[in-house]
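# Topology and contacts: notes
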Amino acid sequence: MKDGPATRDNTPAIELVDVVQRFGRKTPLADMRQTVLDHVGFNVAPGTILCLLGPSGCGKTTLVNLVMGIMLPASGSVRVLGEAAPYPKARRRIGFMPQDEALYNDITAEDNLRFFGTLYGMKGTALAQATDEVFAFTRLAKDRKKMVSHYSGGMKRRLSLAVALLHSPDLLVLDEPTVGLDPEHRIHIWEGFRELAGRGKTLLVTTHIMDEAQRCDTVAMLRAGKLIAEGSPAELLKRTGTSDLESAFMRLGENAEESAEGRKGAGADGAKDAGESEGAKANRARGAGRKGAEND
Amino acid sequence: MTNILAIARRILLQFAHDKRTLALLFIGPLIVLWLLSVLLGAGAYSPRLATVGLPAGFQAALEQQDARVFLAGVAEAEAMLRDDEADAVLSMHDSTTLDIWVEGTDSTKTAAVMSAVSSALSDARKAAADDMGATIDQKRDELTERQAEAKARQEDMRAVLESVTLTLPDAARAQLPPELAELLEDGSSPLDADLSDMFTLDITDFMPVQDVEVSYLHGNEDWKMFDFYGPVFIGVFLFVFVFLTSGMSLVNERGAGTMTRFLTTPVKPAQVLGGYTLGFGFLALLQSSIILWVAITFIGFPNEGEVWLVVLTAVSLALVSVTLGLLISGLASNAFQVIQLMLLFVVPQILLSGIFGLSSSPQWLQVLSKCLPLTYGVDALRAVMLRGAGLMDICMNLTVLWGFIALFFVLAALKFRKKSARRI
C-alpha cells in the first residue's frame, strides 16, 4: 500500500489497545454483566479504510461509540488522532455518522447541515461551499430545501453521511453508512470513500455486507465481542483458502470457537490467552510498521 | 456564543416549522385562561332560601338580597331542602332567634346563604334603627309640644290669678299668703326647662355602628375570584408549558440519536444548555407577550402594573422552568415520563405556589413553599398585576428566581458532563 499524501506522521489514526467493555451490573439476584468487547485491539493507519465486519450484535456499534468517546472502555485504551477521550483537539477532525439517522426531522436538510456545520466552527462562504459539495456528493442537491421528515429512509442515510462529511474531517467514523441504500448510490458512495482515502483521510466503516468489506484496505472481523481476524481482504482469503469473505468469515468463526474450546480444556491460563486473540497479537506486530504483517 | 446561538436558532426553527405545536403553545393557554375567567369571573352564587313564618321586616330585607326567596310551610320547606330545591330553610326558633337550616354539602352555597342572611339581618337592623330613631324624634316633638301647651296654660292661669288678686281689696290681699306673691313675682316655671335637651335618647348611643362603607387600597368591589387567580394561572401555565416542551425536546434528541451526534461535535455541555435556555427563553418571551396581550386586552385580566415588568417576571419564571427541565429530563427516557416527572416536580410547586392560601397550613409546608421557585414568580406576578408594584418592589423575588436559574443551570451542566462521558 502506498502512503497517503496527507499523512503527517506514523501515529495511527485510531489505536485500540486491549479494550474491554462490559454492560449491566451484578445484583444480589443475578449477574447481569455482559462482556460486549473482549480484549479487542487494532490500529487504523492514516489514509486507509478499515472495515469492521461482523453480524448484528457482535459489538460493532459499541466499538464505534468507544472510538467516538461517547463511552469510555472498562479497561484498555482508545486513542484517536493521538489523543484520548474526550479529544479536546481531535474532535474537530472527526466526522461521525451514527447508526440511527440522528437528524432533526422538523427542519430542512439545509438547516441540518448549517446547524452541525456551525457546531464545527464553520461559517459564511466556507460553510455554503461545503454544504454544496456534500449535497452534490450525496446527490441530494435538489431536495436540500425539503423537510427531513419528507425524506425517504435512503435519503436520510445520505443526509446523515453529508453531515459527517461536511467539515471535511481527517477521520471518518461511519456506522453502517450504506444500510437501506440502493446499489447505485452504494457504489457511488464507496467510490467517494476511496477517493477520500486517496486524499489521506482515514475511514472506519462498519458493515455486515461482505461485498463492501472487499473494497476496504483492512478488514477487522468481529464475532461475539472478539476480534477473530484482521488483514486485507486478499490476505484473509488466502489464509482461509476460501474464495469469498463470507466463507472466510464462517471459517474463521469456526476456528475461533475450536481454539477457545481447546484452550478451555487446558485451564484458566489458556482461557486468558484465548481472550488475547489474534487481534491483540496482530496489534503488537503492527506496532512497528503501518501495514499489518501476517504473524501466523 | 456561536454555538449557543446556533442551538437556539435550531430550536426556534423547529418550532417555526411545527405549526401545530406553535399554535397550541398560544391557543391552549388562552382557551384555558378564558374558561377560567368565565368560571371564576361569574358573580357570587345566589342562594335559594325557603322561609317559614319570618317577621315581615326581615322577610322584606331578605327579598332585597341577591337570593331567591320562597315562602313556604314547614313541611314544604323541608321537602324543598331535601330535594335540593332550596339551599337553606329559614324559620323562627323562638320570637327573637332565627333558625337557619342549611343543606350543607357545598360549602360555597352555605357561605352564600350565610352571607345573604347576614346582610339581610344587617339591612333589617338598619331599618329598625331608622324606625326607632324616627319614633324617638316624633315622641320628642310631641313632648315639646305638650310642654309648650302646658306652659301656655300655666301663663294663662297665672294671669287670671294675678288679675283676681289685683281686684281684691288691699285688706284681703294682705291676708293672702306671701308665697303667692312670690309665685306671682317669679315668672319662671319648671316648664321653661328645655326638656328636649334632657331627653337625650339617641339610637347611636346604643348602636354605634349602623352601616358599612368599604373602600379599596387595590382593586374594587367588582373584582372577582378570577382577578386574584388570573396572575397565578399565567405563571403556572408558562411554567408547565415550557417545562414540557423543553423536557420533551431534550428527550426527543436523545431518542433520535441527535444528542449522540451532538456530543461528538466540539460543542461543550454548557453551550448545549445555554442554547436550550436561550432558545426556550425566547420562545417564552414570545409566548408570554402574546398571552399577556390577549389576556389583558380581550379576556379582561386585571393589570395595575407595567406590562414589561409582567413579561420580565414571566420570562424569568419560564427560564427557571427550562433549566429545571434540563436538569431533570435526564431522568426521563421518553415523552410519557416527562409528563410523569412534571407531576413530581411541577405539580407540588403549583399547589404550594399560592393558589391555595397557606396561612393556615402546617409550618413545614409554609417553609417548603418558600423553597420553591414558582412561589416567588407567582408572588411577583400578583404584586405587579394586582398591586401595581414597581421593579424595586419585586426585585427580591426576581433575584431569587435568577438564583434558581443559575443553580439549576450549573447543576444541569455538571450532570450533563458526567452523563455525556459514559452515555449508553
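Scroll up for the structure.
Residues numbered from 1 in each chain as written. Chains lettered and ligands numbered in written order. Predicted model: local features only at pLDDT ≥ 70, side-chain atom pairs only at ≥ 80, totals over all residues.

## With respect to unusual backbone geometry
Residues other than glycine seldom take positive phi values, yet Ala102(A) does so here, at roughly 55°. In this structure, Ala102(A) sits in the loop between strand E6 (94–97) and helix H2 (109–119). The backbone phi angle of Asp84(B) is positive, close to 60°, even though this residue is not glycine. Residue classification places Asp84(B) among the exposed positions, given that 11 C-beta atoms sit within 10 Å. (Helix = DSSP H or I, 4+ residues; strand = E, 2+ residues; numbered from the N terminus. Buried ≥ 20, exposed ≤ 12 C-beta atoms within 10 Å, placed from the backbone.)

## Brief notes about the sheet that holds strand E10 (residues 226–231) of chain A
Residue and element names in this part refer to chain A. Taken together, the six strands give an open sheet; going across it, the order is E6-E7-E8-E3-E9-E10, and neighbouring strands pair in mixed fashion. Two strands bound the open sheet, and with one partner strand each, they are E6 and E10. The sheet shows a mean angle of 15° between the axes of neighbouring strands, taken without regard to direction. Summarising the sheet, strand E9 (residues 218–223) and E10 pair through five bridges and their orientation is antiparallel. Counterpart to Ala220 in the pairing with E10 is Glu230. Together, E6 and strand E7 (171–175) form the strand contacts of helix H4 (residues 153–165), whose direction differs from that of E6 by roughly 165°. The sheet contacts of helix H5 (residues 183–198) involve strand E3 (49–53), E7 and strand E8 (202–207), and relative to E8 the element is tilted by about 150°. (Pairing = 2+ DSSP bridges. Axes fitted to C-alpha atoms, helices over the stretch in contact; angles between N-to-C directions. Contact = placed C-beta atoms within 7 Å.)

## Things to note about the packing of helix H10 (residues 225–256) of chain B against helix H12 (residues 269–299) of chain B
Residues and elements named next belong to chain B. Orientation of H10 relative to H12, taken along the N-to-C sense of each, is 145°, at an axis distance of 11 Å. The element H10 and its partner H12 pack so that their crossing is right-handed. Packed against H10, whose contacting residues are Ile234, Leu238, Val242, Thr245 and Ser246, the element H12 presents Tyr276, Phe280, Ala284, Gln287, Ser288, Ile291, Leu292 and Ala295 at the interface. A breakdown of the residues in the contact of H10 with H12 according to their chemical character gives nine nonpolar, four polar and no charged. (Left-handed = near helix turned anticlockwise from the far one by under 90°. Nonpolar A, V, L, I, M, F, W, Y, C, P; charged D, E, K, R; others polar.)

## Remarks on the nonpolar core
Ranked by size, the top nonpolar core spans 149 residues in total, and within it Val67(A), Ala162(A), Val173(A) and Leu204(A) carry the most contacts. When neighbours within four sequence positions are excluded, Ala162(A) is seen to be in contact with Leu113(A), Val134(A), Phe135(A), Thr138(A) and Leu140(A). Listed in part, the 22 residues of the second largest apolar core include Leu54(B), Ala72(B), Ala86(B) and Ala116(B). (Core = buried A, V, L, I, M, F, W, Y, C linked by C-beta atoms within 7 Å.)

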